[in-house]
Amino acid sequence: MPGLLRGVARTAVISGTATAVSNRVSRRQAGRWALQDEQRQAYQQQAMAPAAAPAPPSAPGDDISRKIEQLKQLGELQAQGVLTEEEFAAQKARILG
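Outline the overall build of the protein, supporting the account with residue identities and numerical values.
For the protein, the count of helices and strands is three helices and zero strands. Listed by position from the N terminus, the elements making up the protein come as α-α-α. Every one of the 97 residues in the protein was classed for burial, and the buried ones make up 8%.

Summarise the pattern of salt bridges; cite the residues concerned and give the values.
Counted under the stated rule, the structure contains three salt bridges. Across the pair R40 and D37 runs a salt bridge, and its minimum N-O distance is 3.6 Å. Within this pair, R40 and its partner D37 are both found in helix α1 (residues 2–48), separated by three residues, close to a single helical turn. Residues R66 and D63 are paired through a salt bridge, measuring 2.5 Å at the closest nitrogen-oxygen approach. Highlighted residues: R66 and D63, both in helix α2 (residues 60–80), separated by three residues, approximately one helical turn. The exposure class of R66 is partly exposed, given its relative accessible area of 44%.

If you had to explain the side chain of Q91 to someone new, which residues and values would you point to?
Among the secondary structure elements, Q91 is positioned in helix α3 (residues 85–96). If we skip the residues at most four places from it in the chain, Q91 touches Y43 and L74.

Criteria and thresholds
Counting restarts for each chain: residues are numbered from 1 in the order of the written sequence. Two thresholds apply to this predicted model, a pLDDT of at least 70 for residue-level local features and 80 or more for giving and counting side-chain atom pairs, whereas whole-chain, interface and lining totals are computed over all residues. To obtain the side-chain values, all non-hydrogen atoms of the structure were used and water was disregarded. Only runs of H or I of at least four residues qualify as helices and only runs of E of at least two qualify as strands under DSSP, and these elements are numbered from the N terminus. For the exposure calls, accessible area comes from a 1.4 Å probe over protein chains only, and a residue counts as buried if that area is under 20% of its type's maximum, exposed if over 50%, partly exposed in between. We define a salt bridge as a side-chain nitrogen of Lys or Arg found within 4 Å of a carboxyl oxygen belonging to Asp or Glu. Residues are treated as being in contact if the distance between any of their heavy atoms lies within 4.5 Å.

This is the structure:
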């Protein structure tokens with residue numbers, strides 16, 4: 001009988017551990033999806049917002065560095081899966097205009 005109880009106890013511990021790990025992974029993945037959804041919504045709102053007043057003229061070097069920074073941000077959004085390939089290409093064309 002002690003061997004049977006030991007086996008039942010071991011099974012209970014393993015099952016409890018597996019459940020805890022599974023729940024943690026599910027919560028972490030749900031958090032990641034929620035973050036991606038927030039980023040996607042923020043990007044879409046920004047893209048649909050009416051264009052702001054034109055920026056005052058700046059030095060050519062400032063314009064290039066601003067475009068490079070925007071392209072880097074677009075690349076990060078695409079790498080995260082927030083942007084599709086088509087959205088990325090459209091925004092890239094708009095920046096390089």
